Amino acid sequence: MEKYAQSSDGQNIHYKESGQGSPSLLFVHGWLGNAEWWNSQQEYFKDRYHIVQMDLAGHGKSDASRNEWTSTLYADDIKAVADQIDSSEIILVGHSMSGAYVLEASLKIPQVKALILIDTVKDLDEAITEEKAEEYLFVHYRNDFKNAVENILPQYLFAEKTPSEVKRSLQDEFLQNTSEKAIDLLRPLYKKDFREEASQVQVPVRAINSDNFPTNIEHNRKYLKDYNYTEIAGIGHYPMLENPKEFNRILDDILKEVNEERQ
């Protein structure tokens, strides 16, 4: 069912609900993504869990008229949906840039029982600064966004075995945005040090990462009190789209683990 919640600055945040069971799984996409990125997970888990797929502001069917783009407002988008679904137990699943935002959002949502990070927050001590993002990313987006999407970003986002149809679909979605909008939506990630939020997280944090870049478990455990990760070999930045069968199997195992720990 398609619904809307209102974020703290009045933006209408689109989400859809399906399935039944407890806890609720609240899926949050990454940069320039949308709720549909989680359709394979919705189909796989709907008979056992309450599934919520949301669009952050500026993405999908949510409002995009925000005056200022900040990590706090992204976290408020997540909180707005979490508050409206009226669930006593929520597991937040955040991909890419939203890994940082579910960390922040979890501190505002008492119902959160665990966090699951998807190919993100691999090393909390190696955050990219806004200056570096400007130098290595944003300048290319401004100069020629189409070229950046088709020739620069694939070096970081895709692997040799990434299905060609997944590449094409994602690149088509990216190119529906202007370069300035793409920068505005991504910039908040680089304007804040999320280690402070991470150190306040009390719930278990699990990650499903690709092996395209290494995960530093020692650095992450300096801040996250209960952190562990599982790696999928040979895929890029979008494991839920590139290899949904393996991704769903791993996510299923993680959910069973954190649910057993809660009981």
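Up top is the structure.
Residues numbered from 1 in each chain as written. Predicted model: local features only at pLDDT ≥ 70, side-chain atom pairs only at ≥ 80, totals over all residues. Heavy atoms only, no water.

Undergrad: Any chance you could break down the layout of surface pockets for me, citing the residues and the numbers?
TA: Over the atoms, a rolling probe the size of a water molecule traces out where space has been left empty. By volume, the largest pocket is sized at about 1,400 Å³. Contributing to the lining of the largest pocket are 40 residues, with Glu126, Ala127, Ile128, Leu189 and Tyr190 lying nearest its centre. Elements represented by at least two residues in the lining of the largest pocket include exactly helix H3 (98-106), helix H4 (130-143) and helix H6 (154-157). At 5 residues, H4 tops the list of elements feeding residues into the lining of the largest pocket. Looking at side-chain class alone, the lining of the largest pocket contains 23 nonpolar, 7 polar and 10 charged residues. As a volume, the second largest pocket reaches approximately 190 Å³. In this structure, the second largest pocket is lined by 13 residues; those nearest its centre are Leu32, Gly33, Gly60, Gln176 and Asn177. Classifying every residue of the lining of the second largest pocket by side-chain character gives 3 nonpolar, 8 polar and 2 charged. (1 Å grid on protein atoms, 1.4 Å probe; cavity = no way out; pocket = protein on both sides within 12 Å on 5 of 7 lines; lining within 4 Å. Points joined across faces, edges and corners; volume = space filled by probe spheres on them. Helix = DSSP H or I, 4+ residues; strand = E, 2+ residues; numbered from the N terminus. Nonpolar A, V, L, I, M, F, W, Y, C, P; charged D, E, K, R; others polar.)

Undergrad: If you had to explain the packing of H4 against helix H8 (residues 179-186) to someone new, which residues and values would you point to?
TA: The contact between H4 and H8 brings their axes to 8 Å, and the two run at 160°. As the angle between them shows, H4 and H8 are arranged roughly antiparallel. You can see that H4 and H8 cross each other, and the crossing is left-handed. Where H4 approaches H8, its residues Leu137, Phe138, Tyr141 and Arg142 are matched on the opposing element by Ser179, Glu180, Ile183 and Leu186. Across the contact of H4 with H8, the residue classes break down as 5 nonpolar, 1 polar and 2 charged. (Axes fitted to C-alpha atoms, helices over the stretch in contact; angles between N-to-C directions. Parallel < 35°, antiparallel > 145°, perpendicular 65-115°, else oblique. Left-handed = near helix turned anticlockwise from the far one by under 90°. Contact = heavy atoms within 4.5 Å.)

Undergrad: Could you give an account of the environment of Thr162, with specific residues and numbers?
TA: Counting through the fold element by element, Thr162 comes out in the loop between H6 and helix H7 (164-174). Considered as a pair, Thr162 and Gly99 are 63 residues apart in the sequence and their alpha carbons are 22 Å apart. Apart from residues no more than four positions distant in its own chain, Thr162 is found in contact with Lys167, Gly236 and Glu242. Reaching out from Thr162, the side chain makes a polar contact with the backbone nitrogen of Ala159 at a distance of 2.8 Å. Among the polar contacts made by the side chain of Thr162, one reaches the side chain of Glu242 at a distance of 2.7 Å. (Polar contact = N/O pair within 3.5 Å; in protein donor to acceptor, adjacent residues only side chain to side chain.)

Undergrad: So what about the sheet that holds strand S7 (residues 205-210)? Which residues, and what values?
TA: Pairing within the open sheet is mixed, and its 8 strands lie in the order S1-S2-S4-S3-S5-S6-S7-S8. The sheet is open, and its two edges are formed by strand S1 (2-6) and strand S8 (227-232), each paired on a single side. This sheet shows a mean twist of 25° between the axes of neighbouring strands, independent of strand direction. Examined bridge by bridge, strand S5 (residues 90-95) and strand S6 (residues 112-118) share 6 bridges and lie parallel to one another. By the bridge assignment, His95 is partnered in S6 with Ile118. Set on the sheet, H3 makes contact with strand S3 (24-28), S5 and S6; between it and S5 the angle comes to about 155°. (Pairing = 2+ DSSP bridges.)

Undergrad: Residues and numbers for H7, please.
TA: Those residues of H7 that sit buried are Val166, Leu170, Gln171, Glu173 and Phe174. Projected down its long axis, H7 shows its buried positions confined to an angular sector of 160°, all on one face. Facing away from the buried side of H7 by more than 90 degrees, the exposed set consists of Arg168 and Asp172. Here the buried face of H7 lies against helix H5 (145-152), H6 and helix H11 (239-242). (Buried < 20%, exposed > 50% of the residue type's maximum accessible area, 1.4 Å probe, protein only. Arc of directions from axis to C-beta.)

Undergrad: I'd like a rundown of the side chain of Asp119, residues and numbers included.
TA: Here Asp119 lies in the loop between S6 and H4. On the basis of relative accessible area, Asp119 is assigned to the buried category, the value being 5%. Within the local environment of Asp119, its side chain forms a polar contact with the side chain of Lys122, the two groups lying 2.8 Å apart. Apart from residues lying up to four places away in sequence, Asp119 is in contact with Ser96, Ile208, Asn209, Ser210, Asn212, Gly236, His237 and Pro239.

Undergrad: Can you lay out the side chain of Glu17 for me, pointing to particular residues and giving the numbers?
TA: As for its position among the elements, Glu17 is in strand S2 (residues 12-19). A polar contact of 2.7 Å, which involves the side chain of Glu17, links it to the side chain of His50.

Undergrad: Now, about the pattern of salt bridges: what can you tell me, with residues and values included?
TA: Within the structure shown, the criterion is met by 24 salt bridges. Note that Lys192 and Glu197 form a salt bridge whose closest N and O atoms lie 3.0 Å from each other. Of the residues examined, Glu197 reaches a relative accessible area of 10% and is grouped as buried. In this structure, Glu257 engages Arg206 in a salt bridge whose closest nitrogen and oxygen atoms are separated by 2.9 Å. On the criterion of sequence distance, the pair formed by Glu257 in helix H12 (residues 244-262) and Arg206 in strand S7 is long-range, its members being 51 residues apart. (Salt bridge = Lys/Arg side-chain N within 4 Å of Asp/Glu carboxyl O.)

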